[in-house]
Amino acid sequence: MQASLAQLSEIIVFAGLETADKEKLQPDTLVQSYSKGEIILHEGDRLPAKLYAVVSGSIQVTKTATTGKETILRGLNAGEIFAAPALLGNGISPATVTAECDCEILTVQRQALLQAIQNQPEIALRMLMVFNNRIQQLHETVHGLVSERAIIRLTRLIQYFAKASGTEISSQGEILKVKLSYYRMARSIGITYEECVRLIKSLNSVVAYSRGGKIIILDSQKLEAIASGNIDY
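Counting starts from 1 at the beginning of each chain's written sequence and moves along it residue by residue. Local features are withheld for residues below a pLDDT of 70 in this predicted model, meaning they are given only at 70 or higher, and side-chain atom pairs are given and counted only at 80 or more; totals for whole chains, interfaces and linings count all residues. The basis for the side-chain values is all heavy atoms of the structure; hydrogens and waters are excluded.

Undergrad: Lay out the overall build of the chain in plain terms, naming residues and giving numbers.
TA: Helix and strand assignments come from DSSP, with helices taken as H or I runs of at least 4 residues and strands as E runs of at least 2, each series counted from the N terminus. A tally of helices and strands in the chain yields 9 helices and 12 strands. Values of the radius of gyration come from C-alpha atoms, whereas the globule rule sets the reference at 2.2 Å times the count of residues to the power 0.38. In terms of overall dimensions, the chain is globule-like: its C-alpha atoms have a radius of gyration of 19 Å, near the 17 Å expected for 233 residues. When the backbone C-alpha atoms are referred to their principal axes, the chain occupies close to 55 × 45 × 30 Å. Each residue is placed in one exposure class: buried if its accessible area under a 1.4 Å probe, protein chains only, is under 20% of its type's maximum, exposed if it is over 50%, and partly exposed if it falls in between. Relative to its full complement of 233 residues, the chain shows a buried share of 43%. Whether two residues touch is decided by their heavy atoms; if any such pair falls within 4.5 Å, the residues are in contact. Within the chain, contacts between residues separated by at least 24 positions form 68% of all contacts whose residues are at least 6 apart in sequence. For the accessible areas, the method is Shrake-Rupley and the probe is 1.4 Å, while residue cover comes only from the protein chains on display. Carbon and sulfur atoms make up 51% of the accessible area of the chain, which amounts to about 12200 Å² in all.

Shown next, in the form of structure tokens:
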């Protein structure tokens, strides 16, 4: 199905495009639906020359090591782009992309995108900003895995999702809008499921965890102190 103008407007890199420019892109777009848990791209897939973006829902990007261990690199929500190698690299998917919930994925043919960039160079600038932020996040993740204690990595992960996905204020504290299972947190910071359970329990005065992955930040100041390494927890 061809993307609508409203769907194109949802994509971060196309924000602010004139209607005429979006109409020129439309014939070279495609929107596909995926169910929760369905794989959108396999690691190692040969990718067609397209821009990939999340129209609705959310996706999870994971990488599998030679040992078979799988690590979550990031989660992406509506409006965000992914699969940079399809446009800028060797055309091989460096990771597996899975639908975290029912979602819609939009693609734009590379040639049509290049034409749009000629008319509106700001698209390229926005893309570079997105990819630069991803590189910085990856650097911080790798640095953390090498040098930071697990408790610091865990508290920083909770802070990251609180900022990225937002929170709701309650009488207990700040409730993360995103659900984080033990399994997901463990895979994101390179620890075992059992260690993640133990660490969350040790943080019971700072965060509250309940079944289904609901997390409430009870003491944001103490969480920040642990994440910064100012408290030897």
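Undergrad: Give me the lowdown on the sheet that holds strand 2 (residues 39–41), citing residues and values where you can.
TA: In spatial order, the strands read 2-7-4-5; together these 4 strands make up an open sheet with antiparallel pairing. In this open sheet, the two edge strands, each paired with only one partner strand, are strand 2 and strand 5 (70–77). Within this sheet the neighbouring strands show an average axis-to-axis angle of 30 degrees, counted without direction. Across 4 bridges, strand 4 (residues 58–64) lies against strand 7 (residues 96–99) in antiparallel orientation. Bridged to T62 within strand 7 is T96. Inter-axis angles, ranging from 0 to 180 degrees, are taken between N-to-C directions of lines fitted to C-alpha atoms, where helices are fitted over the stretch in contact. Sitting on the sheet, helix 7 (residues 182–189) is in contact with strand 4 and strand 5, with an inclination near 110 degrees to strand 5. For two strands to be treated as a pair, DSSP must find no fewer than two bridges joining them.

Undergrad: Got a sec to walk through the nonpolar core? Specific residues and values, please.
TA: In plain words, nonpolar cores are sets of buried Ala, Val, Leu, Ile, Met, Phe, Trp, Tyr and Cys residues tied together by side-chain atoms within 4.5 Å. Core analysis: the largest hydrophobic core is formed by 27 residues, its most contacted members being L154, I158, L176, M185, I200 and V207. When residues of this core are traced back to their parent elements, those giving at least two are helix 6 (150–165), helix 7, helix 8 (193–202), strand 12 (214–217) and helix 9 (220–227). Broken down by element, the residue count for this core peaks at 8 residues, all from helix 6. The residues contacting I200, other than those within four sequence positions of it, are L154, I158, Y182, M185, V207 and Y209. By size, the runner-up hydrophobic cluster in this structure holds 23 residues, among which are L25, A53, V108 and V130.

Undergrad: Explain the pattern of salt bridges to me, and be specific about the residues and the numbers.
TA: One side-chain nitrogen of Lys or Arg within 4 Å of one carboxyl oxygen of Asp or Glu is enough to make a salt bridge. Taken as a whole and assessed by the stated rule, the structure comprises 4 salt bridges. Linking E100 and R184 is a salt bridge whose minimum nitrogen-to-oxygen distance equals 2.4 Å. With E100 in the loop between strand 7 and strand 8 (103–109) and R184 in helix 7, this pair connects stretches of sequence that are 84 residues apart. The buried category is assigned to R184, whose relative accessible area is 7%.

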